[in-house]
Amino acid sequence: MRRGAVALAVAALLGSAIAPTAALAAPEAAANAVDVPKSSLVTAGTTWHYLDDNTDPAGGAEELRAWTAPAFDDDAWKSAPGGFGVKNNKLAPVGSFTPATKLEHYIDGQAAPTIPTYFFRTSFDLEAGVAERVASLSSTVSYDDALVVWINGEHVASYEDARITGTKNLEYAGSGNGSPVTSTFSADGDLLRDGENTIAVALYQDRETSSDAYFEMSSLTLTEAAAPGEVVVAAPTRVILTPTEEPETSQSFSWLAGDASHDRGQVEIRPAAGGETVAVDAASTGTVNGNPKQHYSATVRDLAPATAYRYRVGLPGSWSEWFEFRTADPDAKDFQFVYYGDAQIGLDTTWPKVVEQAEARATESIGSVHAGDLINTGSNDTEWTNWFTGMERSATRTNVMAAPGNHEYSGDKLLASWKAHFEYPLNQPSTESIGDLAGRAQGDSPEAKQYAAYFAHWADFAAETVYYADYQGVRFITLNATRDTTFLTPAGLPACSGAECPSTKVQELWTEYQAAWLDYVLAQSASKWNVVTFHQPVYSTSSGRDEPVLRKYWVPVFEKHNIDLVLMGHDHTYARGTNNDDTTATPGLTTGPVYAVSNSGAKHYDLASEADNVWTNNGATQMLRGENVTTYQVIDVSEDRLVYRSYLAEKPSGAVSYELVPGAAGERPAYRERAVPNVGDLFDEVTVTKYASGEKWVTEQGVEAPAAPKLSLDAASVSQGGSVTLTGAGFAAGAEISLELRSEPVPLGEVVADEHGAFSRDIGIPRETEPGEHRVVAVLPNGGEVSAALTVTAAAGAEAEADGNADGAEGGTDSGAAADGGADAGASGGADVSGGADAGGRADGATANGATDGANATAATGGSGSSGSGSAKGSPAEGLATTGGSAVLPIALGGAALLGAGALLLLARRRRAAAHRAE
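What you are looking at is a predicted structure, and each value in this text was computed from that prediction instead of being measured. (Residues numbered from 1 in each chain as written. Predicted model: local features only at pLDDT ≥ 70, side-chain atom pairs only at ≥ 80, totals over all residues. Heavy atoms only, no water.)

*Asks:* Just checking my understanding: could you explain the overall build of the chain for this structure?
*Replies:* What the chain contains, in helices and strands, is 14 helices and 47 strands. Relative to its full complement of 919 residues, the chain shows a buried share of 54%. Of all intrachain contacts in the chain linking residues separated by at least 6 positions in sequence, the fraction that spans at least 24 positions is 74%. Accessible surface, the chain: about 36,300 Å² in total, of which carbon and sulfur atoms supply 50%. (Helix = DSSP H or I, 4+ residues; strand = E, 2+ residues; numbered from the N terminus. Buried < 20%, exposed > 50% of the residue type's maximum accessible area, 1.4 Å probe, protein only. Contact = heavy atoms within 4.5 Å. Areas by Shrake-Rupley, 256 points an atom, 1.4 Å probe, with all protein chains shown as cover.)

Written out as structure tokens, the structure is:
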């Protein structure tokens, strides 16, 4: 597979060096040259010969498509101007199109069955010498239901062709899309000839009871080839930005060449504020869908973070316009992204309006996520043209993160179109990132060999369909929920028989394979927010749909890692809700992932009834659901909040929505109808709040999230060996919290929050703590942290005195026989009396000879005493005890002996502290 982030090349080395060289035409040739026609050679009113009587145009000829050849005699066919159509056997509007010529509708002229296929032929002439000067041709067609086009007997375009068998001329094909669809296609100029050129078209109805049919070719234009050595001037199209694994310093670009003769591509880029322009060579990603133009991709690296750049794509002599984007800002706290469900239907009508509304609202957007079915047929190049036309402004300025849906595979089982159009990070699953699952491919058994073959195939095929990108604190993860065995089965699969063979459970294994990778990716995520996007929902919303395999393997991973948003499509309805395990006692307050299903196109399905509600039947609850609604979603990200808002983009007739009735009695949730807002208004809203401590809450409109966990101290400063009272609030009830003093972590014990999420605790500050600014840190079970600032001041007396007085007992001068390193009562005559009882009133570290609680007892309880709510946990932390007040050493014990003992003591204490930290 191609990929390559290509090294930057200085524009001066590429620009002037590869400037095209214009060839000088001979004066005689210039004088006799005939111009390539600039106007359209076919229009809506062009006259066509056509066949609409259920007759096979080949007439039994051995060559099935003989009727498409230029020499075919169509004089006996009917003749009339386009466009052609029929609606319920009448000449009437078909969608937004009004035909000029009525087609016969039914085989018997009266009622169904309908005529399955109609045939059309027309021609245009080119003067001598023109054909060889044509680089390519382009045409626009409108059709209902399926269409195939030939020029001079060569196939050039197909639409909705999945059901066309090619074994006969008369057959039903296509899909009932409602209104006619408009598409464009291109073809190489080499198939043209001087003189007469023939266009042949087959129009298919999708079923015996089809209510309408339509065909119109509204344009066919020619692009002139460049003179030898010159570049055909034709701007690239389908320009799109896609993220890399390092979006702060790199960016990927993809586009479709402007002309079939453009056999190389480049990106030119420079800082928007001014600076040197550099050029980056692109790699070809191939031609697809019968379009002779090459697709190109390039990745530019070594960019500056949070910086605006201007760029253009193409090649010298034929560039796109200049576009502008901004690299990711690692310090950004406030931004937006957009979430779209299926575009799929209405790509030239509904889709552009949806995107326009979303762009107008999300002015701080860093990009968009798409939950699959961007188009209806993966092999239909016109649909890709229309999708990109709708995204034209957005895709050239912000990143597009898309998941493939089942319709991307329609007519394109290996996703050739997808991989030609998009350049995504190559961090897909592999045996290194699927954990224990990789062990199934180990060994020489038939089962292991099959597993190895599947995993190797998927590691390649999953590229650019299963990936993640971290962008400004959000990890965007894309999964591939489609499970067609055609693309999942590797070539040369090793033989295996029996129920344990992976070939018996391919669809389930593909899902499990991604689940293992997802578990790994989430465990490794350094981003605060995690968003997963895929097509088929784990909780289906529309009638008759259910995805138990996805739910079995993916939902446990979502819940385990407390994913923030799970964004899905496929169902052409709207729903948003939560898993029941994540609910709390407070209505409208949950703690887990937000699950959403959206539809951003013109195709709509019915909601499932409550009796068949997949959410309810599988431990989840819809908070809101809608039918016959077209929406887009804007997600606002800030430091502690992620606000999800859905807006109504179109409101077809029959639009309806239902909201959950909180606290309604009964075994199943109760819903009440809610008025559908006007187009452009807010349809749904939910907020995810996540504090730095890791505490997370999901709140419905009007519900406040609990306050953030907070620590407070009863004093802003304390001297070495002193104590302060620490109070905590806003923690989860029963949370086990470890306390530390930092800069270097020094354990201070543990507490457990009470039923109100609060605690109060006296903590002792170790005598050896360096004076200066510190933090008291509460570490939660999930690794989240909350802290309070504390200034530690030097204790009274000289530093040497503090190091050596009462602690002299640890150097061998303890005459008090303290238990567990108890009170220092040695030759100095001093005693540490800072220790106290723990939360239960128990005094740890009791000493022999009636000595007071020692320094290690203080460390065990986390301070010189504790009070208030919460309970204390922990064990003596030797070497981390406070030393209490200073004692004055007799002058007679001074001198070299004291200095030596103090040095040995200090060394021993530091070693014990280092060993404790290592543990």
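From this point on, the discussion continues.
*Asks:* Just to check I follow, could you spell out the nonpolar core for this structure?
*Replies:* In globular proteins that are soluble, nonpolar side chains generally tend to be buried together. Within the largest apolar cluster, 105 residues are counted, with the highest numbers of intra-cluster contacts made by W387 and F558. Top element by residues in this core is helix 9 (residues 506-524). It accounts for ten residues. With near-sequence residues (within four places) excluded, F558 lies in contact with L479, L518, V532, F534, V538, I563, V566, P593 and Y595. Of all hydrophobic cores here, the second largest spans 38 residues; its members include V141, F185, A187 and L222. (Core = buried A, V, L, I, M, F, W, Y, C linked by side-chain atoms within 4.5 Å.)

*Asks:* Hey, could you run me through the sheet that holds strand 31 (residues 594-597) in this one?
*Replies:* Remark on secondary structure: sheet strands pair via backbone hydrogen bonds, oriented parallel or antiparallel. Reading across from one edge, 25-26-27-28-31-29-32-35-36 is the order of the nine strands in this open sheet, with mixed pairing throughout. Looking at strand neighbours, the two that pair on one side only are strand 25 (467-471) and strand 36 (671-674), the edges of this open sheet. When strand polarity is set aside, the average angle formed by the axes of neighbouring strands in this sheet is 20°. Lying on the sheet, helix 10 (residues 548-560) is in contact with strand 27 (529-533), strand 28 (565-568), strand 29 (574-579) and strand 31; it crosses strand 31 at an angle near 135°. (Pairing = 2+ DSSP bridges. Axes fitted to C-alpha atoms, helices over the stretch in contact; angles between N-to-C directions.)

*Asks:* Would you mind going over the side chain of D52 with me for this structure?
*Replies:* For D52, the position within the fold is in the loop between strand 2 (47-51) and strand 3 (78-81). With a relative accessible area of 1%, D52 lands in the buried category. Of the polar contacts made by the side chain of D52, one reaches the side chain of K78; its length is 2.9 Å. Apart from the residues lying within four places of it in its own chain, the contact partners of D52 are K78, K102, L103, E104, I115 and Y118. (Polar contact = N/O pair within 3.5 Å; in protein donor to acceptor, adjacent residues only side chain to side chain.)

*Asks:* For this particular structure, what's the right way to read the sheet that holds strand 3?
*Replies:* With antiparallel pairing, the six strands of this open sheet are ordered in space as 3-2-6-11-8-9. The strands lining the two open edges of the sheet, one partner per strand, are strand 3 and strand 9 (154-159). Strand-to-strand twist of the sheet, defined as the mean angle between neighbouring strand axes without regard to direction, takes the value 25°. Note: strand 8 (residues 146-151) against strand 11 (residues 195-204), six bridges, orientation antiparallel. By the bridge assignment for strand 11, V148 is matched with A202.

*Asks:* Please clarify how the pattern of salt bridges should be interpreted in this entry.
*Replies:* Pairs can form between side chains of opposite charge once their charged atoms are near each other. One pass over the structure, following the stated rule, counts 29 salt bridges. The partner of E785 in a salt bridge is R742, and the shortest N-O contact between them spans 2.9 Å. Placement of E785 in strand 46 (residues 785-793) and of R742 in strand 42 (residues 736-742) is noted, with a sequence separation of 43 residues between them. One connected set of salt bridges, linked through shared partners, spans E359, R393 and R397. (Salt bridge = Lys/Arg side-chain N within 4 Å of Asp/Glu carboxyl O.)

*Asks:* What am I meant to see in unusual backbone geometry here?
*Replies:* Glycine aside, residues mostly have negative phi angles, and peptide bonds mostly take the trans form. Here G82 and G83 are connected by a cis peptide whose omega angle stands at -5°. Here G83 is to be found in the loop between strand 3 and strand 4 (84-87). Each neighbour pair has its own omega, and for D144 with D145 the value is 20°, a cis peptide bond. Mapped onto the fold, D145 is located in the loop between strand 7 (134-144) and strand 8. One non-glycine residue, A306, adopts positive backbone phi at about 50°. As for its placement among the helices and strands, A306 is situated in the loop between strand 18 (295-300) and strand 19 (308-315). Of the residues examined, A306 reaches a relative accessible area of 24% and is grouped as partly exposed. One non-glycine residue with positive phi stands out, namely D373, at about 50°. Summarising the element assignment, D373 is placed in the loop between strand 23 (365-370) and helix 4 (381-390).

*Asks:* Please clarify how the confidence of the model for the chain should be interpreted in this entry.
*Replies:* Detailed reading of the predicted coordinates is not advisable wherever pLDDT is low. Residues with a pLDDT of 70 or more make up 83% of the chain, whose mean pLDDT is 85. This model gives residues 1-31 a pLDDT under 50, and the stretch forms 50 contacts once residues within four places in sequence are excluded. Every residue in residues 798-919 is under pLDDT 50, and counting partners more than four places away or in other chains gives 192 contacts. (pLDDT = per-residue confidence, 0-100.)

*Asks:* What should I look at first to understand the environment of P93 in this one?
*Replies:* Mapped onto the fold, P93 is located in the loop between strand 4 and strand 5 (101-102). In this structure P93 touches K87, T98 and P99, once residues within four positions along its chain are discounted.

*Asks:* Help me understand the packing of helix 7 (residues 446-461) against helix 9, please; the structure alone is not making it clear to me.
*Replies:* Two packed helices can be described by the angle between their axes and the distance between those axes. Two numbers describe how helix 7 lies on helix 9: the axes approach to 12 Å, and their chain directions differ by 60°. One element, helix 7, and the other, helix 9, form an angle in the oblique class. Remark: the crossing between helix 7 and helix 9 carries right-handed chirality. Of the residues in helix 9, those in contact with Y451, Y454, F455, W458 and A459 of helix 7 are V506, L509, W510 and Y513. When grouped by side-chain class, the residues that make up the contact of helix 7 with helix 9 number nine nonpolar, no polar and no charged. (Parallel < 35°, antiparallel > 145°, perpendicular 65-115°, else oblique. Left-handed = near helix turned anticlockwise from the far one by under 90°. Nonpolar A, V, L, I, M, F, W, Y, C, P; charged D, E, K, R; others polar.)

*Asks:* Looking at this structure, I do not really get the packing of aromatic side chains. What am I missing?
*Replies:* Geometry of an aromatic ring pair is reported as the spacing of the ring centres plus the angle between the planes. Applying the stated criterion across every chain, the model contains 47 aromatic pairs. Seen in terms of ring centroids, Y50 and F120 are 6.3 Å apart; in terms of plane orientation they differ by 25°. Their pairing is stacked. On the criterion of sequence distance, the pair formed by Y50 in strand 2 and F120 in strand 6 (residues 117-126) is long-range, its members being 70 residues apart. Relative to F487, the ring of Y409 has its centre 4.4 Å away and its plane inclined at 20°; by these criteria the two rings are stacked. (Phe/Tyr/Trp six-rings, centres within 6.5 Å; stacked < 30°, edge-to-face > 60°.)

*Asks:* Explain the pairing of strand 14 (residues 251-256) here, please?
*Replies:* Each regular strand displays side chains that alternate between the two surfaces of the sheet. Burial analysis of strand 14 places six of its six residues in the buried class, which makes it a mostly covered element. Summarising the sheet, strand 13 (residues 237-242) and strand 14 pair through four bridges and their orientation is antiparallel. Note that in strand 14 the partner of L241 across the bridge is F253. Of the pairings in the sheet, the one linking strand 14 to strand 18 comprises six bridges and is antiparallel in character. Opposite Q251, over in strand 18, you have V300 as the bridge partner.

*Asks:* Explain the side chain of E512 here, please?
*Replies:* By the element assignment, E512 lies in helix 9. For E512, a relative accessible area of 16% translates into the label buried. Not counting residues within four places of it along the chain, the set of residues in contact with E512 comprises L437, R440 and Y553.

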